[in-house]
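# Commentary on secondary and tertiary structure
Each chain is listed here by its residues.
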Amino acid sequence: MKKILVLHTGGTISMYEDEETGAVKPVGENPLINKTKEINKLADLIVEAPFNLPSPHITPNEMFQLKRRIDYHIKNSQIDGVVITHGTDTLEETAYFLDLTVDTQIPIVVTGAMRSSNEIGTDGLYNFLTSVRTAIHNDAKNKGVLVVLNDEIHAAKNVTKTHTSNVSTFQSPQYGPIGIITKKDILFHHLPTIERKLPVQSLCHRVELIKAYAGMDSSLFYALNNMGIDGLVIEALGQGNLPPATIPGIQALLNRNIPIVLVSRCFNGIVEDIYGYEGGGAQLKQNGLIFSNGLNGQKARIKLLLCLEITKNQYEMEKLFHD
Ligand code: ASP
């Protein structure tokens, strides 16, 4: 029997709905821990609950804590795979953080639920079960961190939460899932690209994320400059363009060598230096903005946070964001 590390971290998957008020919140013991016995038939489980947080409470520090627990068990417990249960709101950020930082070939599966444990049609136990089935499957090895919900397997790099309440919320725009889960089997139909690992020992930087809009000017960039940030991700318009009135504020950050990564607020496609007008991608690239290779804003922020621990060199950082 394979040995699987289970890390419960909180989220709707471990919450209850109050039958009178309808409020969904954590109450007492995580309901998944009771149910673990049913899943024990599939694998030899090591179960830990390092914290029990709604995922809007999770920060990169908790993500780092998970990385350390996984590294510890890989070294000391000869585990064959990992399953993490997590709130869905920031699940994609934790999954991508682990994808970039845990250097292993064993499957790491992150899952959650859109309905709490006592709601009609709850998806938590089912997603947990299918995640364990995925983690023990031989074909799940060496595929980076996987996100499993609603009978689909997604690559951490591409998956995003697309719907506020639907159980099929996790999608990989432009790429699709890399595998599906049937009643009897786990079938991978695409190979993900494996992320270059960023071996960080600490997390000491502050990176902010900001979204561009019609009529945006420099004021938010001046405010960010005063806040003493270490890096910035901008969700730019379309192909990778910004309103011209943002340029002086962006230049003020660049003058202090603050790395600025550009992604698009479009959820499909990749930013490129195509447009030559004031504020267009060509000018932004020439001014020193780093163009990201298709990541969404929240994931580019995680990557920049990690990159800053490794290099401040513009060329190296550009290379990391191009891979
Ligand atoms: N707000 C919840 C959380 O992220 C949603 C969920 O778990 O699905 O913790």
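The following refers to the structure shown. The residue count restarts for each chain, going from 1 along the sequence in the order it is written. Totals for whole chains, interfaces and linings use all residues, but because this is a predicted model, local features are given only for residues with pLDDT of at least 70 and pairs of side-chain atoms are given and counted only at 80 or more. The basis for every side-chain value is the complete set of heavy atoms in the structure, and neither hydrogens nor water enter the calculation.

## Notes on the overall build of the protein
Our working rule: Think of it this way: any DSSP run of H or I at least four residues long counts as a helix, any run of E at least two long counts as a strand, and we number them from the N terminus. Atoms counted for the radius of gyration: C-alpha only. Globule rule: 2.2 Å times the number of residues to the power 0.38. Exposure is judged per residue with a 1.4 Å probe applied to protein chains only, and the accessible area is read against the type maximum: over 50% gives exposed, under 20% gives buried, and values in between give partly exposed. Residue-level accessible areas treat just the shown protein chains as cover; the underlying method is Shrake-Rupley with a 1.4 Å probe. Charged-residue counts in this description rest on Lys and Arg as positive and Asp and Glu as negative, His and the chain ends being excluded. The atom standing in for a charge is NZ when the residue is Lys, CZ when it is Arg, CG when it is Asp and CD when it is Glu.
Counting its secondary structure elements, the protein contains 9 helices and 16 strands. A globule of 323 residues ought to have a C-alpha radius of gyration of about 20 Å, and the protein, at 21 Å, matches this closely. In terms of its C-alpha atoms, the protein occupies a principal-axis envelope of roughly 60 × 45 × 35 Å. Looking at the protein residue by residue over its 323 residues, the buried ones come to 50%. As displayed, the protein offers around 14,500 Å² of accessible surface, 50% of which is attributable to carbon and sulfur atoms. Taking the average location of the 30 positive side-chain charges in the protein and that of its 34 negative ones, the two points are 5 Å from each other.

## Thoughts on helix α5 (residues 219-227)
Spelled out, the test is: An arc is given here, and it is the one of the directions from the helix axis to the C-beta atoms. When checking whether two residues touch, look at their non-hydrogen atoms; a contact exists if any pair is within 4.5 Å.
Of the residues making up α5, those classed as buried are Phe221, Leu224 and Asn225. Angular distribution of buried residues about the axis of α5 spans 105°; they occupy a single face of the element. Packing partners of the buried residues in α5 comprise β13 (207-211), β14 (231-236) and α6 (247-255). Just downstream of α5 lies Gly228, where phi reads positive at about 70°.

## Overview of the pairing of strand β8 (residues 152-155)
Defined as follows: One requirement defines pairing of two strands: DSSP has to find at least two bridges between them.
Relative to β8, strand β7 (residues 145-149) runs antiparallel, the two sharing 4 bridges. Considered in β8, the bridge of Leu146 is made with Ala155. Counting the residues between successive antiparallel strands, the hairpin from β7 to β8 contains 2 residues, one of them, Asn150, with a positive phi of roughly 55°.

## A closer look at the environment of Glu318
Among the secondary structure elements, Glu318 is positioned in helix α9 (residues 314-322). Considering only alpha carbons, one finds Glu318 and Phe291, 27 residues apart in sequence, at a separation of 7.3 Å. In this view, Glu318 contacts Leu289 and Ile290; residues no more than four positions away in its chain are not counted.

## What to know about the sheet that holds strand β11 (residues 179-181)
Just so we agree on the cut-off: To define axes, lines are fitted to C-alpha atoms, for helices over the stretch in contact only, and angles between the resulting N-to-C directions are given on a 0 to 180 degree scale.
Strand order in this open sheet of 8 strands is β4-β1-β5-β6-β7-β8-β11-β12, and the pairing throughout is mixed. In this open sheet, the two edge strands, each paired with only one partner strand, are β4 (44-48) and β12 (186-188). Across the sheet, the axes of successive neighbouring strands diverge by a mean angle of 25°, strand direction being ignored. For strand β5 (residues 81-85) and strand β6 (residues 108-111), the ladder comprises 4 bridges, and the chain directions are parallel. Bridge pairing in β6 places Val82 opposite Ile108.

## Here's the deal with the nonpolar core
Convention followed: Residues belong to a common nonpolar core when they are buried Ala, Val, Leu, Ile, Met, Phe, Trp, Tyr or Cys residues joined through side-chain atoms within 4.5 Å.
In terms of nonpolar packing, the biggest core is built from 45 residues, with Ile70, Val82, Ile84 and Phe321 touching the most fellow members. Take this core: its biggest share by element is 7 residues, from helix α8 (residues 297-310). With residues near it in sequence (within four places) discarded, Ile70 still touches Leu5, Leu7, Ile79, Val82, Ile84, Leu98, Val102 and Ile108. Among the nonpolar cores identified, the runner-up in size contains 22 residues, and Ile13, Ala43, Val83 and Val132 belong to it.

## Considering the sheet that holds strand β16 (residues 290-291)
The strand order β13-β14-β15-β16 describes an open sheet built from 4 strands, whose pairing is parallel. Edge positions in the open sheet fall to β13 and β16, since each of these has one partner strand only. The strands touched by α8 within the sheet are β13, β14 and β15 (260-264), with β14 carrying the most contacts at an inclination of about 160°.

## Comments concerning the packing of aromatic side chains
So the rule is basically this: Any two of the Phe, Tyr and Trp rings considered here, Trp counted by its six-membered ring, make a pair once their centres fall within 6.5 Å; the pair's planes then place it as stacked at under 30 degrees, edge-to-face at over 60, or tilted in between.
Overall, the coordinates contain 2 aromatic pairs when judged by the stated rule. Pairing Phe64 with Phe97 gives two aromatic rings, centres 6.2 Å apart and planes at 70°, and the pair type is edge-to-face. Taken together, the residues span a long stretch of sequence, with Phe64 in helix α2 (residues 60-76) and Phe97 in helix α3 (residues 91-101) at a distance of 33 residues. Residue classification places Phe97 among the buried residues on the basis of a relative accessible area of 0%. Taken together, a centroid distance of 5.4 Å and an interplanar angle of 40° make the contact between Tyr275 and Tyr277 tilted. The class of Tyr277 is partly exposed, set by a relative accessible area of 44%.

## Let's talk about the site of the ligand
The condition that has to hold: If a single non-hydrogen atom of a residue is within 4 Å of a molecule or strand, that residue counts as near it. Polar contact is defined as a pair of N or O atoms within 3.5 Å, subject to the rule that within protein one atom must be able to donate a hydrogen and the other to accept it, and that residues adjacent in sequence are counted only when both atoms are side-chain atoms. When residues are grouped by polarity, Ala, Val, Leu, Ile, Met, Phe, Trp, Tyr, Cys and Pro land in nonpolar, Asp, Glu, Lys and Arg in charged, and all others, Gly among them, in polar.
As a matter of local geometry, the ligand sits amid Gly11, Thr12, Pro54, Ser55, Pro56, Gly87, Thr88, Asp89 and Ala113. Contacts to the ligand include Thr12, whose backbone N or O atom sits 2.8 Å from an oxygen atom. Asp89 is positioned with one of its side-chain polar atoms (N or O) 2.8 Å from a nitrogen atom of the ligand. When the ligand is considered free in solution it has 260 Å² of accessible area, and contact with the protein chains removes 85% of it. Residues of the shell around the ligand, tallied by class, amount to 3 nonpolar, 5 polar and 1 charged.

## Thoughts on the pairing of β6
So the rule is basically this: The crossover handedness rule: strands pointing away from the viewer, path from first strand over the helix to second strand clockwise, crossover right-handed.
Judged by which residues are buried, β6 turns out to be covered on both faces: Ile108 and Val110 on one side and Val109 and Thr111 on the other are all buried. Handedness of the crossover joining β5 and β6 through α3 is recorded here as right-handed. Across 3 bridges, β6 lies against β7 in parallel orientation. Across the sheet, the residue bridging to Val110 is Val147, located in β7. Of the crossover connections in this fold, the one passing from β6 over helix α4 (residues 124-135) to the parallel β7 is left-handed.

It is worth stressing that arrangement in space is one thing and function is another; only the former is reported here.
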